[in-house]
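# Architecture at a glance
One-letter residues, chain by chain:
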Amino acid sequence: MQIESTTLWDFPRQNYGSRSHGNNKYHGVTPAQVIWNLFQRYTKVGDLVIDPMCGSGTTIDVAEELNRRVIGYDLNLVHPKAIKNDARQIPLQDSFVDFVFIDSPYSDNIKYSNDPKCIGKISCENKQFFEELEKVAKEIHRILKAGKIVGWVIADQWVKRKFAPVGFLMYQILEKYFEPVDIVCLTRHSQTSNTGIWHHRARQYNFYLRGFKYLFIMRKIK
Ligand SMILES: C[S@@+](CC[C@H](N)C(=O)[O-])C[C@H]1O[C@@H](n2cnc3c(N)ncnc32)[C@H](O)[C@@H]1O
């Protein structure tokens, strides 16, 4: 597998290789090659990598395969090695970790669990959604070593005839704490609206289906 050379990453399948990385049945699972690419560029063997919202554990599995030390937290425990924790308060000391990957909720479109602390229960049309994600961004900034990278995946929303530029709003928050390294466009493939009827509706009622997610690659300056 070669590392990506452009800012358009298009992975037709969630997994790569013969072993599983995360669980492709988990709603909102991250394509494993996104994490594989970030590890190749921004980490080395033995580095400590953290995923504060690890879901089915894609980050844990890719990290272990590449011999990175890893801690995956989530409120919803799916992966056997995931640790229960709220991403707004990460139990690690300051300037301790070498890399963070996070694929956060981008609204209340997916039910991840019954945990009331799940940020995916708040609509992105409510400003509290961004206030809670800012707490997560601040925590990531606190635990990262200076000069190290966070990769943050998020997407926009279009529901009930209304567009919400979630990615741009999240970028504005991240910019308060980090400097941009680059922004990657991740092609979306397996969302439930990727059916003939939805493509027909999008043309007939003059809206667009979401075709991509953002991957913000940001560096902690100090
Ligand atoms: C898009 S999914 C992550 C998918 C994961 N990268 C994977 O590959 O399976 C977002 C995750 O955020 C978690 N989450 C939401 N609010 C949280 C919080 N306050 N603290 C920790 N995890 C949270 C959800 O339980 C969900 O698993």
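Refer to the structure above for everything that follows.
Described in the following lines is the structure provided in the data block. Only a predicted model underlies this, so the values are computations on that prediction, with no experimental measurement involved. (Residues numbered from 1 in each chain as written. Predicted model: local features only at pLDDT ≥ 70, side-chain atom pairs only at ≥ 80, totals over all residues. Heavy atoms only, no water.)

Turning our eyes to something else, we now look at the pattern of salt bridges. Going through the model one piece at a time under the given rule, you end up with 15 salt bridges. Because the salt bridges share partners, they merge into one network encompassing D86, R88, E132 and K135. (Salt bridge = Lys/Arg side-chain N within 4 Å of Asp/Glu carboxyl O.)

The next thing to look at is the site of the ligand. Looking at the ligand, there are 24 residues lining it, with Y26, T30, S56, T58 and D74 nearest. At 3.1 Å, a side-chain N or O of D86 approaches a nitrogen atom of the ligand. Between a nitrogen atom of the ligand and a main-chain N or O atom of K117, the distance comes to 3.3 Å. Contact with the protein chains hides 100% of the accessible area of the ligand, taken as 600 Å² for the molecule alone. According to the grid-proximity analysis, the pocket containing the ligand is the largest cavity. (Near = heavy atom within 4 Å. Polar contact = N/O pair within 3.5 Å; in protein donor to acceptor, adjacent residues only side chain to side chain. Areas by Shrake-Rupley, 256 points an atom, 1.4 Å probe, with all protein chains shown as cover. 1 Å grid on protein atoms, 1.4 Å probe; cavity = no way out; pocket = protein on both sides within 12 Å on 5 of 7 lines; lining within 4 Å. Sits in = over half its atoms within 2 Å of the grid points.)

Here the focus is the packing of helix α1 (residues 32–42) against helix α2 (residues 58–65). At their nearest, the axes of α1 and α2 sit 9 Å apart, and the two run at 45 degrees to each other. Here α1 is positioned oblique relative to α2, judged by the angle of their axes. Crossing hand, α1 versus α2: right-handed. Where α1 abuts α2, its residues A32, I35, W36 and F39 lie against T58, T59, V62 and A63. Partitioning the contact of α1 with α2 into residue classes produces six nonpolar, two polar and no charged. (Axes fitted to C-alpha atoms, helices over the stretch in contact; angles between N-to-C directions. Helix = DSSP H or I, 4+ residues; strand = E, 2+ residues; numbered from the N terminus. Parallel < 35°, antiparallel > 145°, perpendicular 65-115°, else oblique. Left-handed = near helix turned anticlockwise from the far one by under 90°. Contact = heavy atoms within 4.5 Å. Nonpolar A, V, L, I, M, F, W, Y, C, P; charged D, E, K, R; others polar.)

This brings us to the state of the cysteines. Scanning the model with the defined rule gives zero disulfides in all. Free of any disulfide, C124 has its nearest cysteine sulfur in C118, 14 Å distant. Assessed through its relative accessible area of 7%, C124 is described here as buried. (Disulfide = S-S within 2.5 Å. Buried < 20%, exposed > 50% of the residue type's maximum accessible area, 1.4 Å probe, protein only.)

Using the criterion set out here, one finds one cavity of 30 Å³ or more in the structure. Of the voids in this model, the largest cavity is the one considered here, and its volume is about 360 Å³. Considering the residues around the largest cavity, the lining is formed by 32 residues, among which M53, G55, D74, D103 and P105 are closest to the centre. When contributions to the lining of the largest cavity are tallied by element, the ones reaching two or more residues are α2 and β5 (97–103). Of the residues belonging to the lining of the largest cavity, the class tally is 13 nonpolar, 13 polar and six charged. (Points joined across faces, edges and corners; volume = space filled by probe spheres on them.)

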